[in-house]
Amino acid sequence: MTPDSRTDMIVSINPSTLEEVGRVPHTHPEDVPDLVQKAREAYPAWRDKGIDARIEIMKRAQDLLLKQAEEIAELITLEMGRPFTEALTVEVEASVDLLYYDWKHAHRFLRNRRVWLHHPFFMLRKSYIHCQPLGVLTNITPWNWPLLIPLGVIGPALLSGNAMLFKPSEYTPLTGDRIRDLFIQAGVPEDIFINLHGSSEVGQALVFSDTEKVFFTGSTNVGQIVMEQGAPSLKKIVLELGGHDPAIVCEDADVDISSSGVLWGAMNNCGQNCNGIERVYMHENVADRFTDLLVEKTQKLRIGDGMDPDTDIGPLATELQFEKILSVVQHAQKSGMEILTGGNPIQDKKGYYFEPTVIRCDPSGPEIPDDEAFGPVVFVRSVQDDVEAIRLANDSQFGLAGSVWTSNSRHGQRIAQQIESGSVMVNDSVCSFGITEAGWTGIKKSGVGWMHGEKGLDEMVNMQFINIDTNSKSQNFWWFPYGPDVLKGIRVGMTLLFDRNWFKKLATLPAILCHLAGYLLINRKQSKKL
Ligand code: NAD
């Protein structure tokens with residue numbers, strides 16, 4: 001991204017060639033309140049349109065996405081460099097599935113949910129949760145998954161009747177506009193889905209603006225700033241933030257398969273996945289064989305322009321990321337860690353290319369730094385046993401995802417349940433983000449709140465509790481006036497309901513009957529007066 005001050009445009013740059021892909025007008029932060037107002041005015045009609053009409057629009061959006069799949073995948077590759085094969089599968093295919101899943105289950109997820117009440121005072125009442133749209137929502141997203149991440153919010157937000165202000169990353173603005181076009185073509189009113197372009201200043205203006213909720217996906221540092229910005233107005237905020245995911249390779253793992261799986265988990269999308277594998281803890285009995293295979297396979301990866309179908313790894317998406325990875329490697333070298341392969345920028349290519357890198361961390365030396373690298377760099381370290389692996393895996397400020405590699409799935413599950421993270425995969429990694437039923441969340445400094453699945457839809461609505469006393473002709477005993485009789489009734493009632501001694505319970509019966517009779521008498525007199 002290059003903000004062009006002469007034209008007030010944001011220029012999208014292809015990280016493979018450093019050539020311009022296209023440009024979009026910059027949004028002025030001072031225009032944000034008017035844009036919010038536009039969405040707010042359009043919102044009631046969209047809310048009242050009804051779920052069936054919105055489902056039809058989502059079906060059309062799904063059809064359009066499928067029809068334009070190749071063009072959109074190409075745009076993703078051009079704007080952020082990931083191989084076209086990945087863009088078509090993990091971005092477009094997964095997004096089509098996400099839209100399909102959302103509209104298919106919208107009725108079930110957004111229906112009124114009956115709440116059965118156990119308490120004798122309330123059990124005859126009708127109660128349910130009503131899913132009420134929130135209003136105008138903000139969606140701020142990163143560049144690393146420029147389609148699937150935004151759609152994880154946009155689909156459910158629109159389906160449930162909200163309006164949306166969407167700020168795609170300043171590095172992938174054209175994909176952001178393409179997403180909006182798709183929904184507008186499908187029938188979403190123009191002011192219900194508004195795009196804004198810019199970087200932190202536009203993001204900040206959005207967080208400060210009068211929207212009901214912010215869905216932010218990005219780095220932990222910026223997520224913390226967003227939370228601070230939202231605090232004075234107690235803004236509802238969902239944060240999907242950084243990760244530094246561990247992989248545990250057990251003694252019983254098939255080292256050939258698991259080294260291929262870990263390689264993909266660490267290096268796909270040039271390692272620029274929030275849930276990419278960054279740290280590998282290998283049982284000491286398989287560590288050498290596993291490391292040798294990982295290094296050998298890393299060296300065979302084909303690096304190049306993502307539009308070439310033979311490319312496994314494209315460039316880093318931004319110059320900033322390129323510099324960050326360089327400094328991660330230099331820091332590891334300085335602290336005495338061994339670079340087993342890679343470690344250098346690729347000089348003979350024009351874009352932000354960096355060699356896929358494996359770094360060995362000696363158990364007697366400094367530990368793997370607890371910071372997200374977000375690039376084609378993976379640290380490996382041997383451990384004595386599962387206990388040490390789990391301890392090191394959990395010794396992190398992050399808690400997004402993790403993986404366990406083993407030939408015994410029970411063993412894998414036992415370890416998985418001890419990893420402190422939002423999700424864990426056994427014998428695979430990364431792709432749980434594309435499993436639509438699975439809610440997505442991070443613990444520790446990896447996030448707050450949910451995306452995807454039923455829990456993701458819950459985030460889009462006010463889960464309003466409605467309780468109906470169908471008997472409108474009598475008054476409840478806990479209403480005014482208070483008095484000694486009421487107090488006595490409460491004491492007796494508490495014993496009857498909650499005392500676990502049956503003799504004490506039975507002893508309350510005469511008093512209860514007496515009270516009940518009095519209560520019915522008062523209510524009869526009152527209803528006669530009415
Ligand atoms: P980033 O935090 O720099 O930017 C994310 C978005 O926030 C961009 O649109 C940016 O313009 C905007 N922004 C920047 N400053 C802002 C501010 N002060 N107020 C409001 N908005 C602001 O992140 P990035 O470099 O675009 O993306 C990479 C990061 O995203 C990594 O840390 C990665 O782990 C994380 N990520 C997390 C998930 C997840 O689901 N947990 C998914 C993808 C990426």
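Residues numbered from 1 in each chain as written. Predicted model: local features only at pLDDT ≥ 70, side-chain atom pairs only at ≥ 80, totals over all residues. Heavy atoms only, no water.

## Some words on the overall build of the protein
Inference 1: When you go through the protein residue by residue, the secondary structure sums to 17 helices and 21 strands.
Inference 2: With respect to the three principal axes, the spread of C-alpha positions in the protein is 95 × 60 × 40 Å.
Inference 3: Put simply, 70% of the contacts in the protein that link residues at least 6 apart link residues at least 24 apart.
Inference 4: For the protein, the exposed area adds up to about 24500 Å²; of that, 55% sits on carbon and sulfur atoms.
Inference 5: Considering the protein, the positive charge centre built from 51 side chains and the negative charge centre built from 68 side chains are found 16 Å apart. (Helix = DSSP H or I, 4+ residues; strand = E, 2+ residues; numbered from the N terminus. Contact = heavy atoms within 4.5 Å. Areas by Shrake-Rupley, 256 points an atom, 1.4 Å probe, with all protein chains shown as cover. Lys, Arg positive; Asp, Glu negative; His and termini not counted. Charge placed at Lys NZ, Arg CZ, Asp CG, Glu CD.)

## Concerning the domain arrangement of the protein
Inference 1: What the domain assignment lists for the protein is domain 1 (21–241 + 454–464), domain 2 (245–436) and domain 3 (471–529).
Inference 2: Computed from C-alpha coordinates alone, the two centres of domain 2 and domain 3 are separated by 66 Å. (Domains from an automatic or database assignment.)

## Notes on the site of the ligand
Inference 1: Around the ligand sit 30 residues in total, of which Thr 141, Glu 170, Ser 219, Leu 241 and Glu 372 are the nearest.
Inference 2: In the environment of the ligand, a nitrogen atom lies 2.7 Å from a nitrogen or oxygen atom belonging to the backbone of Leu 241.
Inference 3: One of the side-chain nitrogen or oxygen atoms of Trp 440 is found 2.8 Å away from an oxygen atom of the ligand.
Inference 4: Starting from 850 Å² of accessible surface for the ligand in isolation, the protein chains cover 92%.
Inference 5: Sorting the residues of the shell around the ligand by element identifies helix H7 (200–208), strand E9 (213–217) and helix H8 (220–230) as the ones contributing at least two each.
Inference 6: For the shell around the ligand, the leading source of residues is H8, giving 4 residues.
Inference 7: Class assignment of the residues belonging to the shell around the ligand gives a composition of 13 nonpolar, 13 polar and 4 charged.
Inference 8: Two domains each put at least three residues into the shell around the ligand: domain 1 (21–241 + 454–464) and domain 2 (245–436). (Near = heavy atom within 4 Å. Polar contact = N/O pair within 3.5 Å; in protein donor to acceptor, adjacent residues only side chain to side chain. Nonpolar A, V, L, I, M, F, W, Y, C, P; charged D, E, K, R; others polar.)

## Points about the packing of helix H2 (residues 51–67) against helix H4 (residues 84–110)
Inference 1: With their axes 9 Å apart at the nearest point, H2 and H4 run at an angle of 170° to one another. By the criterion of interaxial angle, the relationship of H2 to H4 is roughly antiparallel. In this structure, H2 contributes Ile 51, Asp 52, Ile 55, Met 58, Lys 59, Ala 61, Gln 62, Leu 65 and Leu 66 to the contact, and H4 contributes Val 92, Ser 95, Val 96, Leu 99, Tyr 100, Trp 103, Ala 106, His 107 and Leu 110.
Inference 2: Considering only residue class, the contact of H2 with H4 consists of 13 nonpolar, 3 polar and 2 charged. (Axes fitted to C-alpha atoms, helices over the stretch in contact; angles between N-to-C directions. Parallel < 35°, antiparallel > 145°, perpendicular 65-115°, else oblique.)

## Details of the packing of H2 against helix H5 (residues 148–159)
Helix-helix packing is characterised by the crossing angle of the two axes and by the distance between the axes.
Inference 1: Where H2 meets H5, the closest approach of the two axes is 9 Å, and the angle between their N-to-C directions is 150°. The pairing of H2 with H5 is recorded here as roughly antiparallel in orientation. Only Leu 151, Gly 155, Leu 158 and Leu 159 of H5 make contact with H2, whose side of the interface consists of Ile 51, Arg 54, Ile 55, Met 58 and Leu 65.
Inference 2: Among the residues forming the contact of H2 with H5, the class breakdown is 7 nonpolar, 1 polar and 1 charged.

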